[in-house]
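Reading the structure
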Amino acid sequence: MKRLSEKLSVTCKKLIFGHVGACIIILCILPVLFIGHSFFRGFDIKIEQMSADTEEEDLIVVGFSQLGSESGWRTAHTASIQQALTKDAGYFLIYNNARQMQENQIKAIRSFISQRVDYIVFAPVIEDGWDTVLLEAKSAGIPVIVTDRMVNVQDDSLYTAWIGTDAKEEGKKAGRWLETYLGQKRRQPEEVNIVVLKGTVGSTAEIGRTKGFGEIAAQHDNWHILESVTAEFTANKAKEVMRSMLRRYPEMNVLISQNDDMTMGAIEAMEEAGIRFGEGGDVTVISFDATRDALELIQEGRINVDVECNPVQGAYVGETIQKLEKGETVQKHYVVEEKVFTRENAEEFLEHRKY
Ligand code: AHR
């Protein structure tokens, strides 16, 4: 693996020997510095961090492309990677926030390749459309670790490992919980009128949760999915979408919201409209993620159940890199552990919930 000092020397050699004379070097360096500054500014990458500091010579250089900062969950996921890949642990981390745009992630990955990082870690915004850029990383000999969401690629060897959550199973857990709940309340024969707030269309979390819940729903003739609409995993959008759903579907009695941020927005819309929801209410609220704020809402009886999506994935990413450094084989797919939270167990976990 090339380390920081080697990368700098390669870059310097390219600059010095790629041009014929000192004049050309000066003439070339100024525009390069200018373009370089504008180029990297958009990627949160500080070129000066790649300095020849001797202390940094043995650091493992990791380029991390995060898909955005749309949710509380995402903030926790970013923090988990940053806390695992610290200088003290032997890493030099280059972080980029793609602001929900795949094209920004592709640009960031290309910039990591041109900087010849040792590893690329990325959380893909959607599943499709990664073959070309991952092939470029593979051709450059840079191992790619996918985290959180999955990629849909023709050739699995385009990434070294994936560490994330089982979104389809999360959707099934939501469906199974609803079955049990209706049973306990002796409400199985009732018409179940469901509205779904979906996350980013084409993302693993949206695809998996929709499929998983859909499979359980299909087993019940009296469960009707009235409409599924995306609110892009954000609270503001969810509030807007929910206002319109409440007008159109007064018969709605179950809300499936594919993340906690959207649930918060939907709750605000229901409060505004004077709808009773949660425990003892007219609308049963099923959420995903189980962030601290949501666990508090469970305790208050405003969310009925929250299917966990575990953002604490940084340590596993770090372990995977360490194994690769030693030349060991790594598990191709690693699913983090996840629970289901209701009023019965929320309190127990709230005390230690950091996000
Ligand atoms: O991919 C995980 C999902 O993305 C989380 O449920 C959501 O909160 C996030 O934005």
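As shown above, the structure is provided for reference.
Throughout this description, residue numbers start from 1 for each chain and increase along the sequence as written. Residue-level local features of this predicted model are given only where pLDDT is at least 70; pairs of side-chain atoms are given and counted only at 80 or more, and the full residue set underlies all totals for whole chains, interfaces and linings. In computing side-chain properties, one takes all heavy atoms of the structure into account and sets aside hydrogens as well as water.

1. Notes on the site of the ligand
Rule in force here: Neighbouring residues are identified by heavy atoms, a residue being near a molecule or strand if any of them is within 4 Å of it. Throughout this description, a polar contact denotes any pair of N or O atoms lying within 3.5 Å of each other; where both atoms belong to protein, one of them has to be capable of donating a hydrogen while the other can accept it, and for residues adjacent in sequence the pair is counted only when both atoms sit in side chains. Here the accessible surface of atoms and residues is derived via Shrake-Rupley with a 1.4 Å probe, and residues count as covered only by protein chains that are part of the display. Strands here mean DSSP runs of E at least two residues long; helices mean DSSP runs of H or I at least four residues long; both are numbered from the N terminus. Residue polarity is assigned by list, with Asp, Glu, Lys and Arg as charged and Ala, Val, Leu, Ile, Met, Phe, Trp, Tyr, Cys and Pro as nonpolar; anything else, Gly included, falls into the polar class. Domain start and stop positions are those given by an automatic or database domain assignment.
Around the ligand, a shell composed of E70, S71, W73, R74, D148, R149, A205, R209, F233, N259 and D289 is seen. Here S71 contributes a side-chain N or O atom positioned 2.9 Å from an oxygen atom of the ligand. Here an oxygen atom of the ligand and a side-chain polar atom of D289 are 2.5 Å apart. In the complex, the protein chains occlude 99% of the 280 Å² of accessible area that the ligand would expose alone. Of all the elements in the fold, those that place two or more residues in the shell around the ligand are α3 (72-84) and α7 (204-217). Partitioned by chemical class, the residues of the shell around the ligand number three nonpolar, two polar and six charged. Here the shell around the ligand spans two domains, since at least three of its residues come from each of domain 2 (59-164 + 313-336) and domain 3 (167-309).

2. Comments concerning the sheet that holds strand β4 (residues 144-148)
Strand pairing in a sheet relies on backbone hydrogen bonds. The paired strands run either parallel or antiparallel. What counts here: Whether two strands pair comes down to DSSP finding at least two bridges between them. Throughout, an axis means a line fitted to C-alpha atoms (over the contacting stretch in the case of helices), and angles, computed between N-to-C directions, take values from 0 to 180 degrees. In this analysis, two residues are considered to be in contact whenever any of their non-hydrogen atoms come within 4.5 Å of each other.
Strand order in the open sheet formed by six strands is β2-β1-β3-β4-β5-β11, and the pairing between neighbours is parallel. The open sheet is flanked by β2 (91-97) and β11 (333-335), the only strands paired with a single partner. Geometrically, the sheet is characterised by an average inter-axis angle of 15° between neighbouring strands, direction not taken into account. The pairing of strand β5 (residues 161-164) with β11 spans three bridges and is classified as parallel. Bridge assignment links G164 to a residue of β11, and that residue is V335. Lying over the sheet, α3 contacts β1 (60-66), β2 and β4, oriented at roughly 175° with respect to β1.

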